[in-house]
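Inside the fold
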Amino acid sequence: MIKIENLHASIDGKEILKGLNLEVKAGEIHAIMGPNGAGKSTLASVLAGREDYEVTAGSIDFDGTDLLELSTEDRAREGLFLAFQYPVEIPGVSNINFLRTALNEIREYKGQAQISAKEFMAMVREKSAIVELDSKLASRAVNEGFSGGEKKRNEIFQMAMLEPKLAVLDETDSGLDIDALRIVANGVNTLKSDQNATIVITHYQRLLDYIIPDFVHVLYDGRIVMTGTKELALELEEKGYDWIKESIDA
Amino acid sequence: MAGYTESELAKDLENQEYKFGFVTDIESDTVPIGLNEDIIRLISEKKEEPEWLLEYRLKAFSIWKEMTEPEWAHVHYQKPDFQAIAYYSAPKQTKKYESWDDVDPEMKETMKKLGISMEEQQRLTGVAVDFVMDSVSVATSFKEKLGELGVIFCSFSDAVQNHPELVRKYMGSVVPMTDNFYAALNAAVFTDGSFCYIPKGVRCPMELSTYFRINAGGTGQFERTLVVADEGSYVSYLEGCTAPQRDENQLHAAVVELIAMDHAEIKYSTVQNWYPGDKEGKGGIFNFVTKRGMCDSHAKISWTQVETGSAVTWKYPSCILKGDYSIGEFYSVAVTNNYQQADTGTKMIHLGKHTKSTIISKGISAGKSQNSYRGLVQINKGAHHARNFSQCDSLLMTDECGAHTFPYIECKNPTAKIEHEATTSKIGEDQLFYCMQRGISEEKAISLIVNGYCKEVLNQLPMEFAVEAQKLLAISLEGSVG
Ligand SMILES: Nc1ncnc2c1ncn2[C@@H]1O[C@H](COP(=O)(O)OP(=O)(O)O)[C@@H](O)[C@H]1O
Ligand SMILES: [Mg+2]
């Protein structure tokens, strides 16, 4: 699905990603953990094509295409989705209108016909149920006045609507109470198939009790320094990131 | 947003170079350039006007001669040479059109280019269009249906001929000729415009719509619009503008007067799209307009405007809240791009008790443009328990443009309640990135964000107009984020 090799990226001349390697195959869920400031959100932004970041070396193959050659919107249209750590508010633009515009742009890119209003509304009803999102929120302005938990649920709702090949969830669990966490995790699990893949960025292993990862990676100082299974997450929780630091420095 | 399709928008974006920039080659009947009493007599004679109107014009002219053109801190332009303008230009066709078939084919072609084919308009929208081309109305539709209700909707010239008592009574009653430089000029040389009268208790069943258009080169356009809503009546009036592409600046100085009697309501909507000048700031229309409404008790006047055109815009639709419990509203979106300058706003004059006004102004500045909001809320002594709410937001698309807000409040009654909110924001990189990460192109993302920002205003427009306004916003802001 995605193969990242020797990725170097910097912002304002400061190198943040320093030779990152990661491969995710269809049907897999990967967790990326790591201390604050390790570069997790940077990785998500670079994948999505945020202009502020400069990729200085490395390659990213996304299902056979060179991801780095694509514009931000074309990456999304090719099936890359980013659930933001801090979803922005867009006053006056309803969620519904926003999603219909997005969906139609993706469809047009793929040479498909525009979605009919009826079909679209049926889809909204079905998908909002997955994350138990109040249908009223679907017609409110994008994230405007949403609580922290509602914003995160709205991200997963959008993911459900856009049906990406690869979803990157950046700290989707932060700020969620246990019920909301369960709902979000349940949504992600429902959307999982052998055709798509998910990268879950988190620094609590709590989420991984609900979304069971196939692999757990530790991102530290701009590199993946350790890869394991769910047990690695438990170990990290127990020993903290200093343990990683010591084992690398050693 | 839901109203327009992507292919439509894409098409619009393709010909973003002013799409109505063409000149119709119809023989015009133009008076010599310059302005003096003889010219005014000639205009009046050509229009076969009654003596009182000629006197009115001459008086206005003598007042105008004594006035000086106002200076505005935030608007800079080459002042028009008033002696280099031809003050009258009518398509050389004295015959009045009895039916649509009689209309000059070339004129029809013009309308088609404007996208307002009469047949379509009539069939699809039920809008009665009084099409003003070069100051003379060439077609009036739906007259019969309106006639049954006693609604009068005709060109100003026709009103002068057929309803002189109404015109004489109300013309200049809200915007006197002494009001300002441009209003005085208009009163002296106006050539045509629209007149509308809604009788007592009648709810006008359709939107009344007028399309204005400047055609012959070098002809200034001086329209007058007079809307009189008698007691308990209601009317929604639409004004839309397009103008052909020109090299020299063209002056436009209209006067619009609204009269809402007891319990009457007038909704006046404008989508203004005069030629703004090219990317270097050359050409374009100078738009100096005086718009004012007078409310008797329990009456309501709403001005809604979406301004995207003109090189220079100077415009303050205002309400005089004379009657107790009357309501004035002003909803405005003003977009400036490239070298455009807009100085717009409103005046709410509270005279009656329990009068209420609402001002929602959304300014969007792009390129190197300057966008100013100038508003006055005046609560007079007798206006007990008056209320005003004002919200003035500015959105900046680049670092080179400017937004200025000048809210003036004069309050002479302690029982008044006045609220004012203002914000300035730059279009958010984060918002754009968020949209684009969902597969939305940058252009469409801008249009989405801007339309969201203007929603409170766009919601006030009738459906068809709202769609048009959204397209205009998208066109005028194409490629404007910096
Ligand atoms: N504009 C910037 N200029 C310089 N450094 C930045 C900028 N933005 C982020 N960083 C730095 O990049 C590093 C990685 O940040 P981030 O990817 O957000 O970490 P994480 O998501 O793992 O907590 C941090 O040290 C942060 O301070
Ligand atoms: Mg982060």
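Thresholds applied
Every chain is numbered on its own, with residues counted from 1 as its sequence reads. Chains and ligands are labelled by the order in which they are written, letters from A for the one and numbers from 1 for the other. Whole-chain, interface and lining totals are the exception, using all residues; otherwise, since this is a predicted model, local features are given only for residues with pLDDT of at least 70 and side-chain atom pairs are given and counted only at 80 or more. Hydrogens and waters are ignored; side-chain quantities use all the structure's heavy atoms. Only buried Ala, Val, Leu, Ile, Met, Phe, Trp, Tyr and Cys residues count toward a nonpolar core, and they belong to the same one when joined by side-chain atoms within 4.5 Å. Burial classification: accessible surface area is computed with a 1.4 Å probe over protein chains only, and a residue below 20% of its type maximum counts as buried, one above 50% as exposed, and the rest as partly exposed. Numbering goes from the N terminus for both helices and strands, where a helix is a DSSP run of H or I of at least four residues and a strand is a run of E of at least two. It only takes one pair of heavy atoms within 4.5 Å for two residues to be counted as in contact. A score from 0 to 100, pLDDT tells how confident the predictor is in each residue. Aromatic rings from Phe, Tyr and Trp, taking only the six-membered ring of Trp, are treated as a pair when their centres fall within 6.5 Å; an angle between ring planes under 30 degrees marks them as stacked, one over 60 as edge-to-face, and anything in between as tilted. By definition here, charges over rings are those cases where NZ of Lys or CZ of Arg is within 6 Å of the ring centre and within 35 degrees of the ring normal. Residue proximity to a molecule or strand is established when one non-hydrogen atom of the residue lies within 4 Å of it. Within 3.5 Å is the distance limit for a polar contact, defined as a pair of N or O atoms, with the added protein rule that one can donate a hydrogen and the other accept it, and that residues adjacent in sequence qualify only through two side-chain atoms. Areas reported as accessible are Shrake-Rupley estimates using a 1.4 Å probe. Residue values count occlusion only from the protein chains shown. Each residue gets one of three labels, nonpolar for Ala, Val, Leu, Ile, Met, Phe, Trp, Tyr, Cys and Pro, charged for Asp, Glu, Lys and Arg, and polar for the others, Gly among them.

**What to know about the nonpolar core**
Nonpolar side chains in soluble globular proteins tend to be buried together. Grouped together as the largest cluster of nonpolar side chains are 107 residues, with contacts concentrated most on A:Phe98 and B:Ile364. The element contributing the most residues to this core is helix 7 (residues 178-191) of chain A, with seven residues. Beyond its immediate sequence surroundings of up to four residues, A:Phe98 is in contact with A:Ile90, A:Val93, A:Val142, A:Gln158, B:Tyr434, B:Cys435, B:Arg438, B:Ile440 and B:Leu448. Among the nonpolar cores identified, the runner-up in size contains 56 residues, and B:Ile39, B:Tyr197, B:Val312 and B:Tyr316 belong to it.

**Thoughts on the confidence of the model for chain B**
All names here are of chain B. Scored by pLDDT, chain B has a mean of 79; 73% of the residues are at 70 or more. Every residue in residues 1-22 is under pLDDT 50, and counting partners more than four places away or in other chains gives 55 contacts. Ignoring residues within four places in sequence, the model shows residues 93-97, a span with pLDDT below 50, making eight contacts including any to other chains. This prediction of the complex comes with two scores: 0.77 for pTM and 0.96 for ipTM.

**Structural notes on the packing of aromatic side chains**
As enumerated under the stated definition, the model contains 13 aromatic pairs over all chains in all. Look at B:Trp64 and B:Phe82: their rings are 5.5 Å apart centre to centre, the planes differ by 80°, and that puts the pair in the edge-to-face class. Note that B:Trp64 is positioned in helix 3 (residues 51-66) and B:Phe82 in the loop between helix 3 and strand 2 (89-91), a separation of 18 residues in sequence. Here the two residues B:Trp64 and B:Phe82 agree in accessibility, since each one is buried. Aromatic ring contacts, followed pair by pair, group B:Phe61, B:Trp64, B:Phe82, B:Phe181, B:Tyr182 and B:Phe288 into a single cluster. Above the face of the A:Phe62 ring, A:Lys165 is positioned so that its terminal group lies 5.3 Å from the ring centre. The cationic tip of B:Arg224 hangs over the ring face of B:Phe190; the distance from NZ or CZ to the ring centre is 5.7 Å.

**Regarding helix 1 (residues 40-48) of chain A**
Counting buried positions over the nine residues of helix 1 of chain A gives eight, a clear majority of the element. By the burial criterion, the buried members of helix 1 of chain A are A:Lys40, A:Thr42, A:Leu43, A:Ala44, A:Ser45, A:Val46, A:Leu47 and A:Ala48.

**Regarding the site of ligand 1**
All names here are of chain A. Around ligand 1 lies a shell formed by Ile11, Asp12, Lys14, Ile16, Pro35, Asn36, Gly37, Ala38, Gly39, Lys40, Ser41 and Thr42. Within the backbone of serine 41, a nitrogen or oxygen atom sits 2.8 Å from an oxygen atom of ligand 1. Look at ligand 1: alone it shows 570 Å² of surface, and the protein chains cover 65% of it. Those elements giving two or more residues to the shell around ligand 1 turn out to be strand 2 (14-24) and helix 1. In terms of residue count, helix 1 provides more of the shell around ligand 1 than any other element does, three residues in total. The residue makeup of the shell around ligand 1, split by class, is four nonpolar, five polar and three charged.

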